[in-house]
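Descriptive analysis of the structure
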Amino acid sequence: MSVTMMDVQSLEIFKGSTIRTGANKLQSRYVNWVSVIETPVESFVRENELVLTTGIGCGHDQELFYSFVDDVIKSGASALAIALGPFVEAIPHRVIDLALKEEFILIELNWSVRFSDILEQVLEQIHEEKRQYFEKIETIRKSLLHCILSGQSLDLVANHFATSIGCEVFIADKRGVIRGKCKDLAEDLQDRWTSFMQEQLEEDGIYHSLGNTFEWLQYSGGYALQLTIHSAGNIQGYIIVGGFGAEPFTEEEHKEWLMLLEHATTAVAIHFLHEQAAKEAEWRLRDDFVWELTRGSFHSQESMLSRSKSLGYQLNLPYICVVAKPEHLKQSFQSMTHLTITFDHWLHECIRHMEEEAESVAKSMALKSMVTFQQEELIIFLEVNHHNANQQTRTYITKLIRRLHYLYPTITLTWGIAKQYGYSCFTASYQEAKRALEIGRKKTISMQYRRLLTLQPIELLKIY
């Protein structure tokens, strides 16, 4: 959105002007405003302001004129355009040396050029640039909303946004799972952000404070910007934009990008909210089915197989049951004083995240799973495809605990594992896992996250 001194210098009214110093800075100096200033400067000049002067009051005194130019430079002005005439016949060498040393732009203007004409043309250029920028933002906003509301994947959304702004883009949910990315995304950026996200989860868990929605991330290609997607004080996910230069934003660039990216985060937040609503209905159906399977309450084999097929479950596989009971949920919630959601809302999200992670870890091991949360217990039926079912189950639990520890560092879980596994023994397997859990709790053999991660899985996962 910013106009540069190169843009200003290309205006018709500056054709007869001469650039005395700072020609190599024309492209990097931005102009947000233009003003006419005579001595004294004091606080009348703003940063990124093109200053016009006749030198009246100081042009006949070289020391005073030198001081005037020095004050303009120190004010952060974009450039100083001096009308040569009765007050300043020529720019003194000392002033030129000062401007060269500070890499400041000095421009000589013909006395016949009216300052009012310069003001009119430069301000018109600034306003036109802003108008075009806002039109671009509105176009991007509408196109992103169209992508979201028409049900396109986040891969397509990320690719469309990346094309619109000329940067690398990918989108992740609040668990750190990448949900969509543009084409030709730098592998180094993705890997670096994954490590960055893991560090963030280890430090603050999934519900970190929203104090800073902008996070800079350095990688081999330069800098990337992580922007938090949130709704009603609740984090939904992240948009990561890469391909920035070696220096972070100036204040003006920060405002421009914040305005642009906020539209993108709003669109993606709508996607996550719609997705959440659709998932809730599916989760309820799957929860009910797995719970009925656990209790053995199906009246016919045909009904059970029909419902399992509609939900995408495969019952013709050997499964073992694992039961986990979260401990200290209320205390964990109360320790996060920055949260604005209620305990019931937080608990519901916590349960869903546990179920999602349980399925995700199983999928990462190429195993089928069926999961539900009932009566304050996470119930998992895990496919067995290894001759040592216990060892396979321990490996699965270790991975799941490590993942849940990142999301909820203050929660511990107690585990129970069934002795038997096989085909169509869901109820018996669940009852064994439940008994193992109860025995373990009575004997205070609780499998806490940190202890499990200190390489003691065999003792902690002892089956009763």
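Placed above this text is the structure.
Presented here is an overview of the structure given in this document.

Calculation rules
Residues numbered from 1 in each chain as written. Predicted model: local features only at pLDDT ≥ 70, side-chain atom pairs only at ≥ 80, totals over all residues. Heavy atoms only, no water. Helix = DSSP H or I, 4+ residues; strand = E, 2+ residues; numbered from the N terminus. Buried < 20%, exposed > 50% of the residue type's maximum accessible area, 1.4 Å probe, protein only. Contact = heavy atoms within 4.5 Å. Pairing = 2+ DSSP bridges. Axes fitted to C-alpha atoms, helices over the stretch in contact; angles between N-to-C directions. Salt bridge = Lys/Arg side-chain N within 4 Å of Asp/Glu carboxyl O.

Residue position: H271 is located in helix α7 (residues 251-295). When its relative accessible area of 15% is taken as the criterion, H271 is described as buried. H271 has contacts with I148, Q152 and L154, leaving out every residue within four places of it along the chain.

As a further point, take the sheet that holds strand β2 (residues 18-21). The sheet built from five strands is open, its strands ordered β2-β7-β6-β5-β4 with mixed pairing. Of all the strands in the sheet, the pair left with one neighbour each is β2 and β4 (33-36). Each neighbouring strand pair of the sheet contributes to a mean axis angle of 25 degrees, computed without reference to strand direction. Relative to strand β5 (residues 49-53), β4 runs parallel, the two being bridged by four bridges. Bridge pairing links W33 to E49 in β5. With respect to the sheet, helix α2 (residues 62-74) is in contact with β5, β6 (79-84) and β7 (105-110), its orientation differing from that of β6 by roughly 150 degrees. Lying on the sheet, helix α4 (residues 115-149) is in contact with β4, β5, β6 and β7; it crosses β4 at an angle near 165 degrees.

Let us look at the pairing of strand β15 (residues 377-383). Burial analysis of β15 places seven of its seven residues in the buried class, the great majority of the element. Neither face of β15 is left uncovered, since the one carrying E377, I379, F381 and E383 and the one carrying L378, I380 and L382 both have all their residues buried. Bridge analysis of strand β13 (residues 319-327) against β15 gives six bridges, and the strand direction is antiparallel. Within β15, the residue paired with A324 across the bridge is L378. Inspection of the sheet shows strand β14 (residues 369-374) paired to β15 by six bridges, in the antiparallel sense. In the strand pairing of β15, Q374 is matched with E377. With antiparallel pairing between neighbouring strands as the criterion, β14 and β15 make up a hairpin whose turn holds two residues, including Q375 at a positive phi of roughly 50 degrees.

Another point: the environment of V51. Locating V51 in the fold gives a position in strand β5. Spatially, the C-alpha atoms of V51 and I379 are 71 Å apart, while their sequence positions differ by 328 residues. Among residues more than four places away in sequence, those in contact with V51 are S35, I37, V45, V72, A77, A79, L80 and A81.

It is possible for side chains bearing opposite charge to pair when their charged atoms get close. All chains considered together, the criterion is met by 27 salt bridges. With a shortest N-O distance of 2.2 Å, E275 and R179 are connected by a salt bridge. Of this pair, E275 sits in helix α7 while R179 sits in strand β9 (residues 178-181), and the two are 96 residues apart along the sequence. Residues joined by salt bridges that share partners form a network here, namely D173, R175, R179, E275, K279, E356, E357 and R403.

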